[in-house]
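# Per-entry structural report
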Amino acid sequence: MDDQLIYSTLFNVIEFLGTFAFAISGIRHAAAKHFDWFGGFVCGVAVAIGGGTIRDVMLGVTPFWMTSSVYLVCTVMAQMFVIVFARYLKRLDNAWFLFDTLGLALFTIAGLQKTIDCGHPFWVAIIMGCITGSAGGVIRDVLLNNVPVIFQKEIYAMASVVGGLAYWGFVTAGLNVSMAVVLSFLIICAIRLLAVKYHISLPILKGEE
Amino acid sequence: MDDQLIYSTLFNVIEFLGTFAFAISGIRHAAAKHFDWFGGFVCGVAVAIGGGTIRDVMLGVTPFWMTSSVYLVCTVMAQMFVIVFARYLKRLDNAWFLFDTLGLALFTIAGLQKTIDCGHPFWVAIIMGCITGSAGGVIRDVLLNNVPVIFQKEIYAMASVVGGLAYWGFVTAGLNVSMAVVLSFLIICAIRLLAVKYHISLPILKGEE
Amino acid sequence: MDDQLIYSTLFNVIEFLGTFAFAISGIRHAAAKHFDWFGGFVCGVAVAIGGGTIRDVMLGVTPFWMTSSVYLVCTVMAQMFVIVFARYLKRLDNAWFLFDTLGLALFTIAGLQKTIDCGHPFWVAIIMGCITGSAGGVIRDVLLNNVPVIFQKEIYAMASVVGGLAYWGFVTAGLNVSMAVVLSFLIICAIRLLAVKYHISLPILKGEE
């Protein structure tokens, strides 16, 4: 019982930090393009809830943000934070990076489990986990008229995919679900942290069009 | 009974003018980028029905344009109008602006009411009203490879949001629904007209990326 | 019975070739923008399954690629093909063009029939056929930060629309469904082949913004 409470509190804290960091990322990219407050908010929302919304629409369920206002409140807080503390944002870069990594790992696993709960096979769940963690950033880049950063920079979405495969392996091997969640969470974080620390990227595709 | 008829006729007339103006906006932007007739039509359709389609997909209902051909017929008429009267379009700019404003107000309130009818809370409805009125223009700009204009120019989507909040306030204060509809319709129109007349924009976000 | 088997085998072969060619198109465009392997795969997937996914979401059914892994396996194969045979891709341009044309025709008709099976009227089905065949390429161009090629180049999506209208005409005229399928399939292929051979484009829209 106590364990359950610790887990769910931890989940909520990480989810909030992750959503906050995702929203901050959208709003800061919008600021770099001189968007107005509304444009910044939309970009923040896009990163924070975009991936999960695409997942839920494809799963045929009500988008998660329509059932609880916490995600929008979190984005509003991120917006106010960016407006008030604009000049201190850069100094906090390590914190944003850390929260973003936690968010990526958590959203991946949340997407994975929701898809399995809907009765879909594991390979669909792995894709949905990856979409939950990464599609928001792609929508942000499309709205900003940029080339999506995750298609060219350090490993990001692939950490989701590997984490999803690991989760699958653990569950298939008979590990209990909590254990599989914690381990694949740590694997995703580790891959992302190592990728950025050592500038590890996937190979670039060769060839003229 | 008579009142009902006047209301519904007025609704249909404004809806047609709004859809027409939205479609014209998509087709003209496409013309500025030298799109062909098909590309122009797709951009016209995107503005005219894009926002409502995103709303309906998130609400889990059949997209509205699939239940009545009037929206596509209206876009076809807009397309023919642009092709035949290309040289007179600019002189009608005041008319387009007026119809577009009527459309923004009407689509916002239509989106608001449909969301409430689906059983969602008011804060979801306000967001859906804003999406219904504004998302089409964002899709147009994405298809044209432009930065979405509503993130940088005069107040547009915020007029929807304020109108939605007003509607909420009126209904909560016990006003009857018809009255709340008319008043928030007028508020949205007034905000948009004043924003353009006096070049009122939201503050720009500060900060390097 | 034998006829049925031949038809369904033919359908599967053409579907595989079409999906393969669609995926190749996405991956090659991604390579031209120096995307990494993950970015290339996402662009390949976007072209191969994007149109059908939009269709299925609007129809309110589970996206087709979630019910069978063949489409993703096909995209993985296309990805490996591009990586291994990068230098030979250009020499096979005629094959890609042919497979792409077969895919356009097949996906159009598959989209058309699925929409009718869902109980929608013919004009909705024609639009859905066009979306199934063409929307994937638009998503690819949006992800690559390009202006969508089908809005400016040779006739592509209009071949779908004409094929859909032809199918409608044949069925209305009392032709049996198999016959209508084959004829409209050939019409779409013929329009696309002639459009590219003789550089036939739709008229360009005139006018400043």
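Analysis parameters
Numbering of residues starts from 1 in every chain and runs along the sequence as written. For naming, the first written chain is A and the first written ligand is 1, with later ones following in the order written. Totals for whole chains, interfaces and linings use all residues, but because this is a predicted model, local features are given only for residues with pLDDT of at least 70 and pairs of side-chain atoms are given and counted only at 80 or more. The basis for the side-chain values is all heavy atoms of the structure; hydrogens and waters are excluded. UniProt positions are given in the numbering used here, feature names are shortened, and annotations may be inferred rather than shown by experiment. Only runs of H or I of at least four residues qualify as helices and only runs of E of at least two qualify as strands under DSSP, and these elements are numbered from the N terminus. Here the nonpolar core consists of buried residues drawn from Ala, Val, Leu, Ile, Met, Phe, Trp, Tyr and Cys, with membership extended through side-chain atoms lying within 4.5 Å. Categorising residues by exposure relies on relative accessible area from a 1.4 Å probe, with only protein chains included: less than 20% of the type maximum marks a residue as buried, more than 50% marks it as exposed, and the intermediate range marks it as partly exposed. It only takes one pair of heavy atoms within 4.5 Å for two residues to be counted as in contact. The term salt bridge refers to a side-chain nitrogen of Lys or Arg lying within 4 Å of a carboxyl oxygen of Asp or Glu. Under this scheme, a helix contributes an axis fitted over its contacting stretch, all axes are lines through C-alpha atoms, and angles between N-to-C directions fall in the 0 to 180 degree range. Working rule for handedness: look at the near helix, and if it is turned counterclockwise from the far one by less than a right angle, call the crossing left-handed; if clockwise, right-handed. Amino acids outside the nonpolar list (Ala, Val, Leu, Ile, Met, Phe, Trp, Tyr, Cys, Pro) and the charged list (Asp, Glu, Lys, Arg) are all regarded as polar, and Gly is one of them. Copies are brought into register by a least-squares superposition over C-alpha atoms of residues with pLDDT of at least 70 in both. The term buried area means the drop in 1.4 Å probe accessible area that two parts suffer when joined, counted for both and summed. Pairs of N or O atoms are called polar contacts if they sit within 3.5 Å, as long as, within protein, a hydrogen donor faces a hydrogen acceptor (for residues adjacent in sequence, only side-chain-to-side-chain pairs). Given a helix with a known number of residues, its expected span is that number minus one, times 1.5 Å.

## Side note on the UniProt feature "transmembrane region" (unreviewed entry) in chain A
Residue and element names in this part refer to chain A. Those residues carrying the UniProt feature "transmembrane region" (unreviewed entry) are residues 6-25, 37-58, 70-89, 96-116, 122-143, 155-171 and 177-196 in this numbering. Taken as a whole, residues 70-89 contains 75% helix and 0% strand, while its terminal C-alpha atoms sit 23 Å from one another. Between the first and last C-alpha atoms of residues 155-171 the distance is 25 Å; the span itself is 88% helix and 0% strand.

## A look at the nonpolar core
Judged by nonpolar contacts, the single largest core of 189 residues is most densely connected at Trp65(A), Trp65(B) and Trp65(C). Contact partners of Trp65(B), with chain neighbours within four places excluded, come to Ile49(B), Thr53(B), Tyr71(B), Leu72(B), Met58(C), Trp123(C), Ile127(C) and Met128(C).

## Observations concerning the pattern of salt bridges
Residue and element names in this part refer to chain A. Tallied over the full model, the rule gives 15 salt bridges over all chains. Between Asp56 and Lys114 there is a salt bridge, with its nearest N and O atoms 3.1 Å apart. In this pair, Asp56 sits in helix 2 (residues 37-59) while Lys114 sits in helix 4 (residues 93-117), placing the two residues 58 residues apart along the sequence. Judged by relative accessible area, which is 25%, Lys114 ranks as partly exposed. Because the salt bridges share partners, they merge into one network encompassing Arg28, Lys90 and Asp93.

## Section: the packing of helix 5 (residues 122-143) of chain B against helix 6 (residues 157-172) of chain B
Residue and element names in this part refer to chain B. Their axes nearest at 9 Å, the elements helix 5 and helix 6 cross at an angle of 145°. Remark: the crossing between helix 5 and helix 6 carries right-handed chirality. Here Phe122, Ile126, Gly129, Cys130 and Ser134 of helix 5 come into contact with helix 6, specifically with Ala157, Ser160, Val161, Gly164, Leu165, Tyr167 and Trp168. Across the contact of helix 5 with helix 6, the residue classes break down as eight nonpolar, four polar and no charged.

## Regarding the relation of the copies chain C and chain A
Overlaying chain C with chain A gives an RMSD of 0.0 Å, the required rotation being 120° about an axis along which the chain moves by 0.0 Å. The superposition of one copy onto the other is thereby described by a three-fold rotation axis. When the interface residues of chain C are mapped onto chain A, a mere 10% of them again lie at the interface, so each copy presents a different face.

## Notes on the interface of chain B and chain A
Across the boundary between the two partners, chain B contributes 29 residues, which contact 31 residues of chain A. Carbon and sulfur atoms supply 71% of the area that chain B and chain A bury against each other, a total of about 2,600 Å² over both sides. Scanning the region where chain B abuts chain A turns up five residue pairs in polar contact (both at pLDDT 80 or more). Taken together, the elements giving at least two residues each to the side of chain B that touches chain A come down to helix 2 (37-59), helix 5 and helix 6 of chain B. Examining the composition of the side of chain B that touches chain A, we find that seven residues originate from one element, helix 5 of chain B, more than from any other. Per-class residue counts for the side of chain B that touches chain A are 20 nonpolar, five polar and four charged.

## Brief notes about the side chain of Gln79(C)
Residues and elements named next belong to chain C. By secondary structure assignment, the location of Gln79 is in helix 3 (residues 70-84). In this structure Gln79 comes out as buried when scored by relative accessible area, which is 9%. Ignoring anything within four residues of it in the chain, the contact list for Gln79 reads Ile27, Trp37, Gly40 and Phe41.

## So, unusual backbone geometry
Unusually for a residue other than glycine, Asn145(A) sits at a positive phi of about 60°. One can find Asn145(A) in the loop between helix 5 (122-143) and helix 6 (157-172).

## Some words on the relation of the copies chain B and chain A
Relative to chain A, chain B is turned by 120° and slid 0.0 Å along the rotation axis, the superposed coordinates differing by an RMSD of 0.0 Å. Take the interface residues of chain B: only 10% of them recur as interface residues in chain A, which is what a contact between different surfaces looks like.

## Digging into the interface of chain C and chain A
Counting residues at the interface gives 31 residues for chain C, matched by 29 residues for chain A. In total, chain C and chain A occlude about 2,600 Å² of area from one another, counting both sides; carbon and sulfur atoms represent 71% of this. The largest contributions to the chain C side of the interface with chain A come from Asp36(C), Phe38(C) and Met66(C), which together make up 26% of the buried area. Scanning the region where chain C abuts chain A turns up five residue pairs in polar contact (both at pLDDT 80 or more). Every element with two or more residues in the side of chain C that touches chain A is listed here: helix 1 (2-32), helix 2 (37-59), helix 3 and helix 5 (122-143) of chain C. Across the side of chain C that touches chain A, the residue classes tally to 18 nonpolar, nine polar and four charged.

## Some words on helix 6 of chain A
Its 16 residues place the ends of helix 6 of chain A 23 Å apart at the C-alpha level, agreeing with the 22 Å of an ideal helix rising 1.5 Å per residue. Within the span of helix 6 of chain A, buried status applies to Ala157(A), Ala159(A), Ser160(A), Val161(A), Gly163(A), Gly164(A), Ala166(A) and Tyr167(A). Tucked inside the fold, the buried residues of helix 6 of chain A contact helix 4, helix 5 and helix 7 (177-197) of chain A together with helix 2 of chain C. Gly174(A), located one to two residues past helix 6 of chain A, shows a positive phi value of around 95°.

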